[in-house]
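Understanding the architecture of this molecule
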Amino acid sequence: MADSTGDRPPVLQVSGLEYRVSPEFSLRGISFEVAAGEGVAIIGSNGAGKTTVIRLVAGLLKPRSGTVAVCGTDARRWGRVSHHIGYVQQAKELPDGVTVEAYVRYQLRLRRADPGRLTELLALADLESSSGQYVRTLSGGSQRKLHIITAVAHRPDLLILDEPTAGLDPGAQQTLLRLVADLKKDGVGVLFASHHRHELDALADSVVVLHGGRQAPGASLADIARTAGNPRLVLETHPDDDPGPLQEWSRTLAARHGAVRAVHPARSGADVELDAGEHPRALGEIVTLAHADGIALRAASYHQATLADIVHVIARHTGLENRP
Ligand SMILES: Nc1ncnc2c1ncn2[C@@H]1O[C@H](COP(=O)(O)OP(=O)(O)OP(=O)(O)O)[C@@H](O)[C@H]1O
């Protein structure tokens, strides 16, 4: 990890972690830190070992070697460190016939947290008006928010999340990411496993890249951005048509659309480079502009490297791809 954590104290220090999952798969030499208020993403393709690292840090598995220290205390002294940790598993069932209020009250008792936090926690997740609703009837996004507020009920220093927005619609994803970002601002260190760029953009200050149970040495968020390149739009005319008018028209786009960084002529049209980040509306907006100006398009498409693409490139560059 090359990204700066300033002078905030570490809430998690993982050093030389090794764990054998099966004869076919082991984690080897995993080392990283999470500082107070810092977000650290663990990324990697399917089966790279992300959940295994999460479960080791959450105390559900015991490492074969290496150390995990939480707020400066060795995690083998679990009784001393468990109250520093809040953990939200990937898929967690909620009970039948229990209201939101009753569930949060129960979790506060379970975690020996201040019972007076009920109102504050419900407000944090915007769940006040749902307090009388049965937890099983909440939307997926609200259920996930409920898990997060109960995981932080005892004011842990480290929040651990496995794929925080998986399965949620875009609106619920944004709400959830805002909730976790607010917790970071309050000084909670956040460790999360992720497959999605938008989660990194919203929460990550640094990154751990895994491939086949090993860690890409020194991989940083800057490497991710560099490897991803910028998103682009490909605008095409019919192959039998002259692409000149489309190319001529597309040259005006940089001045007319805020996300357009550069335009390059291509064989059957134009390649429109956008600024870094995600631009979910840019394609529709630019097609609308073309239509309004009488420009005939045969096809228009949006291209952005996925995290899986990026991880493969980093694994190849760092030599991890060919290691046994
Ligand atoms: N109980 C188990 N028995 C045998 N192999 C397992 C077991 N649990 C996990 N594995 C294997 O360990 C490896 C790492 O799994 P892990 O769930 O940590 O990966 P991951 O990066 O979180 O994957 P995903 O992105 O698909 O969730 C995988 O190859 C998986 O098949």
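What you see is a predicted model; the values in this text were computed from it and never measured. (Residues numbered from 1 in each chain as written. Predicted model: local features only at pLDDT ≥ 70, side-chain atom pairs only at ≥ 80, totals over all residues. Heavy atoms only, no water.)

1. Observations regarding the site of the ligand
- Lining the immediate surroundings of the ligand are 13 residues, of which Gly47, Lys50, Thr51, Thr52 and His195 lie closest.
- A distance of 2.7 Å separates an oxygen atom of the ligand from a polar atom in the side chain of lysine 50.
- Between the ligand and the protein, one listed contact pairs an oxygen atom with a side-chain N or O atom of threonine 52 at 2.5 Å.
- The fraction of the free accessible surface of the ligand (640 Å²) that becomes covered by protein chains is 56%.
- At the level of elements, strand 1 (10-22) and helix 1 (50-57) are the ones that each hand at least two residues to the shell around the ligand.
- In terms of residue count, helix 1 provides more of the shell around the ligand than any other element does, three residues in total.
- Classifying every residue of the shell around the ligand by side-chain character gives three nonpolar, eight polar and two charged. (Near = heavy atom within 4 Å. Polar contact = N/O pair within 3.5 Å; in protein donor to acceptor, adjacent residues only side chain to side chain. Areas by Shrake-Rupley, 256 points an atom, 1.4 Å probe, with all protein chains shown as cover. Helix = DSSP H or I, 4+ residues; strand = E, 2+ residues; numbered from the N terminus. Nonpolar A, V, L, I, M, F, W, Y, C, P; charged D, E, K, R; others polar.)

2. Comments concerning the nonpolar core
- By size, the foremost hydrophobic cluster in this structure holds 49 residues, and its most contacted members are Ile43, Val104, Leu146, Ile148, Leu159 and Val209.
- In terms of residues, this core owes the most to one element, helix 6 (residues 170-185), which gives six residues.
- Apart from the residues lying within four places of it in its own chain, the contact partners of valine 209 are Ile43, Arg214, Gln215, Ala216, Ala219, Ile224, Val311 and Ile314.
- Ranked by size, the runner-up nonpolar core spans 32 residues in total, among them Val11, Leu17, Ala48 and Ile160. (Core = buried A, V, L, I, M, F, W, Y, C linked by side-chain atoms within 4.5 Å. Buried < 20%, exposed > 50% of the residue type's maximum accessible area, 1.4 Å probe, protein only. Contact = heavy atoms within 4.5 Å.)

3. Brief notes about the environment of glycine 59
- By the element assignment, glycine 59 lies in the loop between helix 1 and strand 4 (65-70).
- By relative accessible area, which is 26% here, glycine 59 ends up partly exposed.
- Taking the C-alpha atoms as reference points, glycine 59 and isoleucine 85, separated by 26 residues in sequence, lie 9.5 Å from one another.

4. Focus: the layout of surface pockets
- Computed from the structure, the largest pocket encloses a volume of approximately 400 Å³.
- For the largest pocket, the lining is made up of 15 residues, of which Ser82, Ile85, Tyr87, Arg111 and His154 are closest to its centre.
- Contributions of two or more residues to the lining of the largest pocket are made by strand 6 (85-88) and helix 3 (100-110).
- Counting residues per element, the lining of the largest pocket draws most heavily on strand 6, at three residues.
- Looking at the lining of the largest pocket residue by residue, the class counts come to six nonpolar, six polar and three charged.
- When its volume is computed, the second largest pocket comes out at roughly 350 Å³.
- In this structure, the second largest pocket is lined by 15 residues; those nearest its centre are Gln173, His196, Arg197, His198 and Glu278.
- Looking at side-chain class alone, the lining of the second largest pocket contains five nonpolar, seven polar and three charged residues. (1 Å grid on protein atoms, 1.4 Å probe; cavity = no way out; pocket = protein on both sides within 12 Å on 5 of 7 lines; lining within 4 Å. Points joined across faces, edges and corners; volume = space filled by probe spheres on them.)

5. Focus on empty space enclosed by the protein
- Applying the stated criterion to the full structure yields one cavity of 30 Å³ or more.
- Put simply, the largest cavity is a space of about 40 Å³.
- Val88, Gln89, Gln90, Arg144, Ile148, Leu161, Asp162, Glu163 and Pro164 together form the lining of the largest cavity.
- Class assignment for the residues of the lining of the largest cavity results in four nonpolar, two polar and three charged.

6. A short note on the UniProt feature "domain: ABC transporter" (unreviewed entry) in the protein chain
- The UniProt entry lists residues 12-237 under the feature "domain: ABC transporter" (unreviewed entry), expressed in the numbering used here.
- The span residues 12-237 is 32% helical and 28% strand by assignment, and the distance between its end C-alpha atoms comes to 54 Å. (UniProt positions renumbered as here; feature names shortened; annotations may be inferred.)

7. Brief notes about the sheet that holds strand 4
- An order of 2-1-4-5 is seen for the four strands of this open sheet, with the pairing classed as antiparallel. Of all the strands in the sheet, just strand 2 (25-35) and strand 5 (73-74) have a single pairing partner and so form its edges.
- As defined by bridge partners, strand 1 adjoins strand 2 across eight bridges and the pair is classed as antiparallel. The partner of leucine 12 across the bridge, within strand 2, is valine 34. (Pairing = 2+ DSSP bridges.)

8. Comments concerning unusual backbone geometry
- With a phi close to 50°, cysteine 71 is a non-glycine residue in the positive phi region.
- Judged by its relative accessible area of 29%, cysteine 71 is partly exposed.

9. Thoughts on the environment of leucine 233
- As for its placement among the helices and strands, leucine 233 is situated in strand 11 (residues 232-236).
- Separated by 50 residues in the primary sequence, leucine 233 and leucine 283 place their C-alpha atoms 6.9 Å from one another.
- Not counting the four nearest positions on each side in its chain, leucine 233 is found in contact with Ala270, Asp271, Val272, Leu274, Ala282, Leu283, Ile286, Ser301 and Tyr302.

10. Some remarks on the pairing of strand 7 (residues 158-162)
- Most of strand 7 sits out of view: five of its five residues are buried.
- Here strand 7 shows two buried faces, one formed by Leu158, Ile160 and Asp162 and the other by Leu159 and Leu161.
- The sheet contact formed by strand 6 and strand 7 spans four bridges and is parallel. Looking at strand 7, one finds that valine 88 is bridged to leucine 161.
- Pairing between strand 7 and strand 8 (residues 189-194): five bridges, direction parallel. Each bridged residue has a counterpart across the sheet, and for leucine 158 the counterpart in strand 8 is glycine 189.

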